[in-house]
Amino acid sequence: MDNLNTNQKTLLWLSSGSVSNNNISKLLDYFGSVQNLWENFENEQLNLNFLKVETLNKLSKIKIDFEERILEKLNSEKAQIVTIFDNDYPSKLKQIEGAPYLLYYKGSLEDINNISIAVIGSRKATSYGKWAAEKLTKELSDIGVNIVSGLAVGIDTIAHKTALKYNAKTYGIIGCGINIAYPKNNRELFKQIAENKGAVITEYTFDIQPVAFNFHDRNRIISGLSEGVLVIEAQEKSGTLITAGHAANQGREIFAVPGNIDSLYSKGTNALIRDGAKITVSIDDIAEEILELKERVSLKKTFIDLGTLTDDELKIIECLQSGKNTIYVLEQETKMETGELLGNLTFLEMKGAIKVSADKISLNLSFPSISNK
Amino acid sequence: MLSKIKTCVLYGLEGYAVDVETDISGGLPNFNIVGLPDISIKESKERVRSAIKNSRFDFPVSRITVNLAPANLKKEGSQIDLPIAVGILTASKVIKPVDEKICIIGELSLDGRITAIDGALPMVISMRNKSFNKAIVPEDNKEECGAIEGIEIIPVDSITQLVDYLNGNLYIEPYKSKYNFQDKPDYYNEDFSEIKGQPAMKRAVEIAAAGMHNILLLGNPGSGKTMIARRIPTILPDLTFEESLEVTKIYSISGLLDNKGLITKRPFRSPHHTSSRTSIAGGGTKPRPGEVSLSHCGVLFLDEIPEFPKSVIEVLRQPMEDGKISISRASGSLTFPAKFMMVASMNPCPCGYLGDPTHECSCSQGQIDKYLGKISGPLLNRIDIQIEVLPVKYDDLKDMKAEESSAAIKKRIVKARNIQRERYRNIGILTNSELSTKGISKFCKVNKESEILLKNAFETLGLSVRAYNKILKVARTIADLENYENIETKHIAEAIRYRSLDRKYWR
């Protein structure tokens, strides 16, 4: 970036002075225009009693030579910004209540207005949650949907990684300054997202630490950027449900993956379904609510060619279809030796037909019923 | 009068011949031991004096000088009591001069009885190799020593008896202990048939045992990790005579033999996670074998491996690589054998319930990262098989079929071991786990189809490169278990299953 217009400069200045989004809108109301705010701030300082004294002092202190310093910071961090007054501001986000005036990002916002689904869930997911997140994200990626999530560990990370793997654009919204990688393990993921024409986005200025309250607020951006929110797994009182709440307020669709009623991590999703969220077992359920996706789904639907499977592999698929999905039961049903069975599972996993986790084996694709074959 | 008796001191597992020279001369009554003796030998003065008196011999009232030659070697151990006593009795002409080919070891008690010593077996083996033809050992050490060929073992239990023997007034039959390694009583109270369900874990353990692969079991509490680990010795092949000698030597110098002679049961050691580095690796001012050496030829089970201090886990790296451990001290460096099969178990997180749908995991992400971070890359590198295990469900328990017994599994493993021993006859290793990178390219050739499978596996499953050689080694063992000459694609496919944790937890 070489220079800033008045809007950008003023909002960056307010954001650097840690003025909350709420107070920015009060300031704009007071001054009438951004231009006026920048020029007459000093004269009116004493009347701005909704701001704390420290904030006012900080604002006047950093105003001197502000433009040069912030440009240097932005360039050295390779970060970019977009304001609500700019044309490339995400159009969906503009509609929500309390839309952030300023976004910092790394990467590209070029495709952010395309259809996007937020894939969210708990940090400590079960193997079922991980499997469901990967399966549904893959299917969404395959039909070119953007994947939005929160770059936390657990379901978020799986959603981002799966999107990258299947070449979908993915957007990670974080609850801290853009120059802070949190969680640390995801540092590499941050880079990949930016390189892949997606973006890591935040409303917080540089060096802001990831405190719990920030995450509450950033959740409104996750739902705000998406047409719908897909909740994979959630505990009863969790950040995931807060995001779902934002989504409901913003008029977004809520999709929830049902789970066993004895699983702690499905209590939240099952409650959402009870309260009216769309029960989601496949991508068809999402397409039903979002019309633009309907056609894409019918074009893309994949069946694995049964001819490519061996007899043993078909036997395993047949068992899986009837819900016999643990190694112990499969061994008894198929009468295979343990070693042989494990080998066949690897072959099937390579072919993309199944996903093996420690507790059970799940079918990835839709199969025609084999017993009729 | 001067006398000279042969005895032995140990340095590590190696015994050195020592001359005990005793001189009795006129002058003020005095008793001195020279020749770098340590405290335990200096104290033997008092034991020797009382033992001789209480055996109703006269302790010479003169100037007694005992020299331990060679004078430059540090000597330690209570086995020198007996040769000193014999030296004094010989010098005072109670005993006739003793043959140079006889080695005497033993500790004395004050009443003149001869008590057992630590390390009798390695001493006697070393003395046999130095062409002694007779060893006089304490009665209580005769079982272990009696197994050695090529040297006569004379067990004695008191000074009086020994004096009679050396003067030719008493004949003692050289002792031979009887061992039959093929047909021994069933030692184990535990059996594989007690483990219900868990077919994948059992299979992985069977493969690990067949190729001596190190194995990591990961699972929630109550999934049977410890239960299966404790039963691994029951499916390992019996110790051979040579192995048994090696193991007994180590236990002998550690003082862990309980008079039952050679150890014929494979060692199973499970040190607690509060164990210090020295207790695992071995050492101390008087270097002793640690847990890695005590599990030589057997199983070293590290329950809850992330709870061990990192420094303790890291000392395992050298023995896992070389099959031995070198301990360097100011006084010199010692090497103990340490070729073991490592079995490690861990939870997925500190509280154990991560990923369990019915229990809430109470750990923070930082705690989980720290927990998994304790298992370093280099250590993970040395673990061939990793498997995730889950608790058995009640529904599965209900209609459980009869499970295979340890004996049946052992039969298959012995067969696979024989195939391996035959194949590696010329390169000096016994099992697939010991294969070097060069050995892998020679003995683990794969066909075109398998190569494609491996390539796909790396891409789609996100395996790390370090997994490549492990998969080949494990596939080799699977092929041996199923009696295939070459590694088939299905063996590779199965081996890939045993690397599942690589991608899941340490990505």
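Not measured: the values here are computed from a predicted model.

1. Some words on the domain arrangement of chain B
Residues and elements named next belong to chain B. Its domain assignment divides chain B into domain 1 (2–166) and domain 2 (192–402). A C-alpha centroid distance of 41 Å is found between domain 1 and domain 2. Listed by partner, the interface residues are 14 residues for domain 1 and 16 residues for domain 2. Going through the elements one at a time, α4 (120–129) and α5 (142–145) are the ones with two or more residues in the side of domain 1 that touches domain 2. Each residue belonging to the side of domain 1 that touches domain 2 can be placed in one class, and the counts come to 6 nonpolar, 2 polar and 6 charged.

2. What about the nonpolar core?
Of all hydrophobic cores here, the largest spans 148 residues; its most connected members are B:A85, B:A204, B:A475 and B:I492. Contact partners of B:A85, with chain neighbours within four places excluded, come to B:V48, B:A51, B:I52, B:L108 and B:I159. Of all hydrophobic cores here, the second largest spans 75 residues; its members include A:A133, A:L151, A:A152 and A:A234.

3. A few points about helix α16 (residues 327–334) of chain A
Since the α-helix turns once every 3.6 residues, residues separated by three or four places project in the same direction. All names here are of chain A. Of all the positions in α16, only I327, Y328, L330 and E331 are classed as buried. In a view along the axis of α16, the buried residues occupy a sector of 165°, so they form one face of it. Phi turns positive one or two residues past the end of α16, at K335, with a value near 60°.

4. Here's the deal with the sheet that holds strand β1 (residues 80–83) of chain A
Residues and elements named next belong to chain A. A sheet is described by the order of its strands in space; here 9 strands give the open sequence β1-β2-β6-β5-β4-β3-β7-β8-β9, paired in mixed fashion. Two strands lie at the open edges of the sheet, namely β1 and β9 (278–279), each paired on one side alone. Across 4 bridges, strand β2 (residues 102–107) lies against strand β6 (residues 199–202) in antiparallel orientation. Paired with Y104 across the two strands is T202, which belongs to β6. Sitting on the sheet, helix α12 (residues 267–274) is in contact with β7 (228–231), β8 (253–256) and β9, with an inclination near 130° to β8.

5. A word on the sheet that holds strand β18 (residues 385–389) of chain B
Residues and elements named next belong to chain B. If you trace the 5 strands from one edge of the open sheet to the other, you get β11-β14-β17-β10-β18, paired in parallel fashion. Edge strands, defined here as strands with exactly one partner in the open sheet, are β11 (268–269) and β18. Where strand β10 (residues 215–219) and β18 come together, 5 bridges link them in parallel fashion. What sits directly across from G219, in β18, is V389. Along the sheet face, helix α7 (residues 199–211) touches β10, β17 (341–346) and β18 and points at about 160° away from the line of β18.

6. With respect to the packing of helix α20 (residues 467–481) of chain B against helix α21 (residues 489–497) of chain B
Residue and element names in this part refer to chain B. One can describe the packing of α20 onto α21 by two numbers: an axis separation of 8 Å at closest approach and a directional angle of 125°. As the angle between them shows, α20 and α21 are arranged oblique. For the pair α20 and α21, the crossing hand works out as right-handed. In contact with I471, V474, A475, I478 and A479 of α20, α21 contributes H491, I492, E494, A495 and I496. Residue classes in the contact of α20 with α21 are distributed as 8 nonpolar, 1 polar and 1 charged.

7. Focus on unusual backbone geometry
Where the residue is not glycine, phi is negative for most of them; where a peptide bond is considered, it is trans in most cases. Of note, the amide linkage connecting A:Y182 to A:P183 takes the cis form, showing an omega dihedral of -10°. Relative to the helices and strands, A:P183 resides in the loop between β5 (170–173) and α9 (187–195). Each neighbour pair has its own omega, and for B:A69 with B:P70 the value is 0°, a cis peptide bond. Examined against the element boundaries, B:P70 turns out to sit in the loop between β4 (63–69) and α3 (81–91). Within the chain, A:K78 stands out as a residue other than glycine whose phi angle is a positive 55°. Summarising the element assignment, A:K78 is placed in the loop between α5 (66–77) and β1. Taking the number of C-beta atoms within 10 Å as the measure of exposure, A:K78 has 11 and is therefore exposed. At A:D207, a residue that is not glycine, the phi angle is positive and equals roughly 70°. By the element assignment, A:D207 lies in the loop between β6 and α10 (212–224).

Criteria and thresholds
Residues numbered from 1 in each chain as written. Chains lettered and ligands numbered in written order. Predicted model: local features only at pLDDT ≥ 70, side-chain atom pairs only at ≥ 80, totals over all residues. Domains from an automatic or database assignment. Contact = placed C-beta atoms within 7 Å. Helix = DSSP H or I, 4+ residues; strand = E, 2+ residues; numbered from the N terminus. Nonpolar A, V, L, I, M, F, W, Y, C, P; charged D, E, K, R; others polar. Core = buried A, V, L, I, M, F, W, Y, C linked by C-beta atoms within 7 Å. Buried ≥ 20, exposed ≤ 12 C-beta atoms within 10 Å, placed from the backbone. Arc of directions from axis to C-beta. Pairing = 2+ DSSP bridges. Axes fitted to C-alpha atoms, helices over the stretch in contact; angles between N-to-C directions. Parallel < 35°, antiparallel > 145°, perpendicular 65-115°, else oblique. Left-handed = near helix turned anticlockwise from the far one by under 90°.

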